[in-house]
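# An overview of the molecular structure
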Amino acid sequence: MDSKDTAIRALCRSLGKEYRVCTIDFEPVIYRDFGNGFNVEISGVYTTSKTRRATLYLWYGEKQPECLIVKTVRDVQRDEIADAVEGLLHYSYALLADGFNAGDRLPGPQFKITNCMDGGSGMKYRIFYGTEPKFSDRDLQDFSRGSYECRRLLRNKSGQLAIISQCKDEDISVWKVEYGFSCMVFGTFDEAMAFCRGKFTDLDGREV
């Protein structure tokens, strides 16, 4: 077993029996279902580093069209993950007590992100809802997630975004092109761009 696999499983065990390791968006993460319609994803922990901080995503729902992200907690230290998750658990119940409706629009830019594999047990479509925002290269960081860094944004004729991102792990040469419910994986940036030519343009509508 890879040392990173050992590390993430050890962290998962330390958090408790409610947690499990699964793969979402090609990244091994730690997952917990709150049992009230909400679930939490702990990203950025597939590493042997004890100092790398995690990002927590609170999701509502498992399948479209109700599945959406509700809250993100960034830069969480390893020894603070359990408390942060408990805080999200209480937050989820507070939302329900306030009459949370999955159909309500959340503030800020919202967009489709990718399809997600739940440990090989099937496909889960996760969608952000909201009005269509205008993007530029200054927004690349907003599309970086977990072990992947967004390197370029493209769009098709209807305005749908294509997100080109690179795995941060130097030992894994993976480039992803994500658009709609699809995610294509390539070994190099040139291969990813070759796939995009004729399908997408840059954000200003120019051929790539």
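About the criteria used
Residues numbered from 1 in each chain as written. Predicted model: local features only at pLDDT ≥ 70, side-chain atom pairs only at ≥ 80, totals over all residues. Heavy atoms only, no water. Helix = DSSP H or I, 4+ residues; strand = E, 2+ residues; numbered from the N terminus. Buried < 20%, exposed > 50% of the residue type's maximum accessible area, 1.4 Å probe, protein only. Contact = heavy atoms within 4.5 Å. Areas by Shrake-Rupley, 256 points an atom, 1.4 Å probe, with all protein chains shown as cover. pLDDT = per-residue confidence, 0-100. Pairing = 2+ DSSP bridges. Axes fitted to C-alpha atoms, helices over the stretch in contact; angles between N-to-C directions. Salt bridge = Lys/Arg side-chain N within 4 Å of Asp/Glu carboxyl O. Core = buried A, V, L, I, M, F, W, Y, C linked by side-chain atoms within 4.5 Å.

With that settled, consider the overall build of the protein. The helix and strand inventory of the protein stands at 3 helices and 11 strands. Element order for the protein, N to C, with α for helix and β for strand: α-β-β-β-β-β-α-β-β-β-β-β-β-α. Residues counted as buried form 46% of the 208 residues belonging to the protein. Within the protein, counting contacts between residues at least 6 apart in sequence, those at least 24 apart form 43% of the total. When the accessible surface of the protein is split by element, carbon and sulfur atoms take 47% of a total near 11300 Å².

Counting all residues, the mean pLDDT for the protein is 79, and 80% of those residues have values of 70 or more. Across the protein, the element-wise mean pLDDT spans from 34 in strand β6 (residues 112–117) up to 95 in helix α1 (residues 3–15). A low-confidence stretch, residues 105–131 (pLDDT under 50), is modelled with 76 contacts involving residues beyond four sequence positions or located in other chains.

If you trace the 5 strands from one edge of the open sheet to the other, you get β1-β2-β3-β4-β5, paired in antiparallel fashion. Because the sheet does not close on itself, it has two edges, and the strands there are β1 (19–24) and β5 (68–76). Taken pair by pair, the neighbouring strands of this sheet meet at an average axis angle of 25°, ignoring direction.

Using the criterion set out here, one finds 5 salt bridges in the structure. Between arginine 32 and glutamate 86 there is a salt bridge, and its shortest N-O distance comes to 2.8 Å. Of this pair, arginine 32 sits in strand β2 (residues 27–33) while glutamate 86 sits in helix α2 (residues 81–97), and the two are 54 residues apart along the sequence. By relative accessible area, which is 31% here, glutamate 86 ends up partly exposed. Through salt bridges with shared partners, a single ionic network connects Asp202, Asp204 and Arg206.

Let's shift gears to the side chain of threonine 201. Assignment of secondary structure puts threonine 201 in the segment after α3 (189–196). Apart from the residues within four sequence positions on either side, threonine 201 is in contact with Leu154, Arg155, Arg206, Glu207 and Val208.

Glancing now at the nonpolar core. Counting residues in hydrophobic clusters, the biggest one holds 24 residues, and the most contacted among them are Ile30, Phe34, Ile42, Val45, Leu56, Ile81 and Val85. If you tally residues by element for this core, the top one is α2, at 6 residues. Once residues lying within four places of it in the same chain are set aside, the contact partners of isoleucine 30 are Ile8, Leu11, Cys12, Leu15, Tyr19, Arg20, Val21, Val40, Glu41, Ile42 and Val45. One finds Ala162, Ile164, Phe195 and Cys196 within the second-largest nonpolar core, a separate group that totals 12 residues.

Right, let's get into unusual backbone geometry. For aspartate 75, which is not glycine, the phi dihedral falls at a positive 55°. Structurally, aspartate 75 can be placed in strand β5. Looking at aspartate 75, the relative accessible area reads 54%, which means it is exposed.

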